[in-house]
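Tertiary structure, described
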Amino acid sequence: MPSPAVTITQRGADRVSSGHVWIYRADVLDESQAHPGAIVRLQDRSRHYWGQALYSSQSQIALRLLTRDERPFDRAFLAERIATATSLRQQVAGSAQAYRLVSAEGDLLPSLIVDRYGPCFVIQTLTQGMDRLKPQIVEILQQAFSPRSILERNDVAVRELEGLPEQKGTLAGESISEVEAEENGLRFTFDLMGGQKTGGFLDQRENRLAARQYARGRALDCFSYTGGFALHLAAQCDSVLGIDSSPEALGLARRNQQLNRLTNLEWKEANCFDFLKAADQERQRYDTIVLDPPAFARQKSKLEAARRGYKELNLRALKMLNPGGFLITCSCSHHVSEADFLEIIAAAALDAHRTVAVVERRTQSRDHPILLTVPETHYLKCLVLRVIGFFS
Ligand code: SAH
């Protein structure tokens, strides 16, 4: 049966030509043939073919391009895309047991996340179209990996934009919630059903390793979650304090500490803004500080507030670093570009009266690929900075 056609404007066609994969609702001229979540053929007014896409009847992102190829996007095509994504991970995930196997648009599988935690796979299908493909995705993963379990963590608010319910549970295999996996030689327990995201922040794996390279002395890990950075720092530092506002996250952080028999770590449940303000006023000093806050600018309208938030955190952290100290500072808001982030930190450094060197400009781990023509896929910025001078 031929796929339904959706007619798009010239501007929509220009988006495809520019290498982007999203077409907005305003660029849809005729969607009368398409049902929610269908795989559709894109055509312009003169019926010229532009590719195949996942169609959403509700989201402002009406179409997500799957391929410009004429070949039908069927189960075999989907399996090939997952195999291509897998082959990259074989090269970039190294010995990591927890990594992102499929990173949505970055792997040309828009709105599909597949995270692997050892023998367990956790998926998110975040659009009507990808949600309809869920049974096929589960089958393909079963055939390729024979996993112990496949779970879904579709309990995310973005699904509302698609008119999809929030849901989580076991899709195949055993109903497991907790799993242990190694990262950079450390053991971590992941709470796949109860934790944030799919259980872990896998995009920071390479940055946690990088942070370890610079860590020394007295260290602070702000927005610690289950201790990802803190545990990496601990091997190199005299002491590490991890701060998070979530008691559940800190409960797991303590367990992770025990799992790795580390004794020089402490945890504190607090709002990092309040903690940093008080610590700065008490003239606390550190040699290594990590800042890994949640996304402050999920929408463009929040950009100004986000800038203020990043500036405040970074200003306080820079003031509290001893001479020669390192700040590993992150932003995962894609609305804040790397250039914006550098500008915000520069303003913070000037206000803190510190001269700061940029030691490394990093991004998300390589299992979260960045598409050259889709800027939104480059969302994580991670700067390694060093305080090399004070001025009055
Ligand atoms: N650094 C972590 C990931 C951090 S995710 C890692 O490598 O795994 C962001 C964390 O910030 C979450 O654990 C969340 O609970 C916490 N958080 C959010 N707002 C906070 C606030 N104002 N103060 C302290 N923690 C906060």
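Up top you'll find the structure we're talking about.
These lines cover the structure that appears in this document, whether it is placed above or below. (Residues numbered from 1 in each chain as written. Predicted model: local features only at pLDDT ≥ 70, side-chain atom pairs only at ≥ 80, totals over all residues. Heavy atoms only, no water.)

**Quick word on helix H9 (residues 303-320)**
The cut-off we apply is this: Under the DSSP-based scheme used, a helix requires at least four consecutive residues in state H or I and a strand at least two consecutive residues in state E, with every element numbered from the N terminus. Take the residue count of a helix, subtract one, and multiply by 1.5 Å to get its expected span. A simple rule labels every residue: compare its accessible area, found with a 1.4 Å probe on the protein chains alone, to the largest value its type can have, and call it buried under 20%, exposed over 50%, or partly exposed in between. Throughout, a residue-residue contact means that at least one pair of heavy atoms, one from each residue, lies within 4.5 Å.
Along its 18 residues, H9 runs 26 Å from first to last C-alpha, staying within 8% of the 26 Å computed at 1.5 Å per residue. Taken as a whole, H9 has its buried residues at Leu303, Ala306, Gly309, Tyr310, Leu313, Asn314, Arg316, Ala317, Leu318 and Met320. Close packing links the buried residues of H9 with helix H8 (272-281), strand S17 (286-291), strand S18 (321-331), helix H10 (338-351), strand S19 (354-363) and strand S20 (381-390).

**Structural notes on the pairing of strand S12 (residues 178-183)**
This is how it is decided: We treat two strands as partners when DSSP finds at least two bridges between them.
Alternating residues of S12 divide into Val179, Ala181 and Glu183, all buried, and Glu178, Glu180 and Glu182, none buried. As paired elements, S12 and strand S13 (residues 186-191) share six bridges and run antiparallel to each other. Residue glutamate 178 lies in a different strand from S13, and its bridge partner there is aspartate 191. The loop that links S12 with its antiparallel partner S13 comprises two residues; one of these, asparagine 184, has a positive phi angle of about 50°.

**Let's talk about the site of the ligand**
Short version of the rule: Each residue is tested against the molecule or strand, and it is near if at least one of its non-hydrogen atoms lies within 4 Å. Pairs of N or O atoms are called polar contacts if they sit within 3.5 Å, as long as, within protein, a hydrogen donor faces a hydrogen acceptor (for residues adjacent in sequence, only side-chain-to-side-chain pairs). Here the open area of atoms and residues is found with the Shrake-Rupley method and a 1.4 Å probe, where only the protein chains shown may cover a residue. When residue character is reported, Ala, Val, Leu, Ile, Met, Phe, Trp, Tyr, Cys and Pro are called nonpolar, Asp, Glu, Lys and Arg charged, and the others, Gly included, polar.
As a structural note, the neighbourhood of the ligand is formed by 15 residues, with Arg208, Phe223, Asp244, Cys272 and Asp292 the closest of them. Take aspartate 292: an N or O atom from its side chain is 2.7 Å from a nitrogen atom of the ligand. Considering the ligand on its own, with 580 Å² of exposed area, one finds that the protein chains cover 89% of that surface. By residue class, the composition of the shell around the ligand is seven nonpolar, five polar and three charged.

**Section: the pairing of strand S10 (residues 149-154)**
The element S10 is largely enclosed, with a buried count of six among its six residues. Because side chains alternate across S10, one face comprises the buried residues Ser149, Leu151 and Arg153, and the other comprises Ile150, Glu152 and Asn154, equally buried. Examined bridge by bridge, strand S9 (residues 120-125) and S10 share four bridges and lie parallel to one another. In the strand pairing of S10, isoleucine 123 is matched with glutamate 152. Summarising the sheet, S10 and strand S11 (residues 167-173) pair through six bridges and their orientation is antiparallel.

**Notes on helix H1 (residues 10-17)**
The line we're drawing: Picture the helix axis, draw a direction to every C-beta atom, and the arc is the one those directions span.
When H1 is considered as a whole, its buried residues turn out to be Gly12, Ala13 and Val16. For H1, the angular spread of buried residues about the axis comes to 100°, placing them on one side. In this fold, the buried residues of H1 make contact with strand S1 (5-8), strand S2 (22-24), strand S5 (49-55) and strand S6 (61-67). Measuring from the side-chain oxygen of the N-cap residue of H1 to the backbone nitrogen of arginine 11 gives 3.3 Å; that N-cap residue is threonine 9. Of the residues one or two after H1, glycine 19 is the one with positive phi, at around 95°.

**Section: the packing of H9 against H10**
Each pair of packed helices gets described by two things: the angle between the helix axes and the distance between those axes. Inclusion rule: In this description, a line fitted to the C-alpha atoms serves as the axis of each element, helices being fitted only across the stretch in contact, and the angle between N-to-C directions of two axes falls anywhere from 0 to 180 degrees. In these notes the angle categories are as follows: under 35 degrees is roughly parallel, over 145 is roughly antiparallel, 65 to 115 is roughly perpendicular, and the rest is oblique. Less than a right angle of anticlockwise turn of the near helix away from the far helix marks a crossing as left-handed, whereas a clockwise turn marks it as right-handed.
Interhelical geometry of H9 versus H10 gives an angle of 45° and a closest axis separation of 8 Å. Judged on the interaxial angle alone, H10 and H9 are oblique. The handedness of the crossing between H9 and H10 is right-handed. On H10, the residues that touch Arg307, Tyr310, Lys311, Asn314, Leu315 and Leu318 of H9 are Asp340, Phe341, Ile344, Ile345, Ala347, Ala348, Ala349 and Asp351. For the contact of H9 with H10, a count of residues per class yields nine nonpolar, one polar and four charged.

**Some remarks on the packing of aromatic side chains**
Stated precisely, the cut-off is as follows: Two aromatic rings from Phe, Tyr or Trp, using only the six-membered ring of Trp, form a pair when their centres are within 6.5 Å; if the ring planes differ by under 30 degrees the pair is stacked, by over 60 it is edge-to-face, and anything between is tilted.
Summed over all chains, the structure comprises nine aromatic pairs. Taking the centre distance of 5.0 Å and the plane angle of 40° together, the rings of phenylalanine 121 and phenylalanine 145 count as tilted. Taken together, the residues span a long stretch of sequence, with phenylalanine 121 in strand S9 and phenylalanine 145 in helix H4 (residues 134-145) at a distance of 24 residues. We classify phenylalanine 121 as buried; its relative accessible area is 0%. Between phenylalanine 296 and tyrosine 310, the ring centres sit 4.9 Å apart and the planes meet at 45°, which makes this aromatic pair tilted. Separated by 14 residues along the polypeptide, phenylalanine 296 in the loop between S17 and H9 and tyrosine 310 in helix H9 bring together distant segments of the chain.

**A look at the sheet that holds strand S3 (residues 28-30)**
Strand order in the open sheet formed by six strands is S2-S6-S5-S4-S1-S3, and the pairing between neighbours is mixed. Each edge of the open sheet is held by one strand with a lone partner, namely S2 and S3. Here the average twist between neighbouring strands, direction ignored, is 45°.

**Some points on the side chain of threonine 329**
Mapped onto the secondary structure, threonine 329 falls in strand S18. Threonine 329 gets classed as buried once you look at its relative accessible area, which sits at 0%. Within the local environment of threonine 329, its side chain forms a polar contact with the side chain of asparagine 314, the two groups lying 2.7 Å apart. Beyond its immediate chain neighbours, meaning those up to four positions away, threonine 329 contacts Leu291, Asn314, Phe341, Ile345, Lys381, Cys382, Leu383 and Leu385.

**Let's talk about the state of the cysteines**
To keep it simple, the criterion reads: The criterion for a disulfide is a pair of cysteine sulfur atoms lying within 2.5 Å.
Within this structure, the stated rule accounts for zero disulfides. The closest cysteine sulfur to the non-disulfide-bonded cysteine 272 is located on cysteine 222, 4.5 Å from its own sulfur. For cysteine 330, which is in no disulfide, the shortest distance to another cysteine sulfur is to cysteine 382 and amounts to 3.9 Å.

**Considering unusual backbone geometry**
Even without a glycine there, the phi angle at alanine 104 is positive, about 50°. Looking at where alanine 104 falls in the secondary structure, it is placed in the loop between strand S7 (98-103) and strand S8 (112-117). For serine 111, which is not a glycine, the phi torsion comes out positive at approximately 70°. Classification of serine 111 as buried rests on a relative accessible area of 4%.

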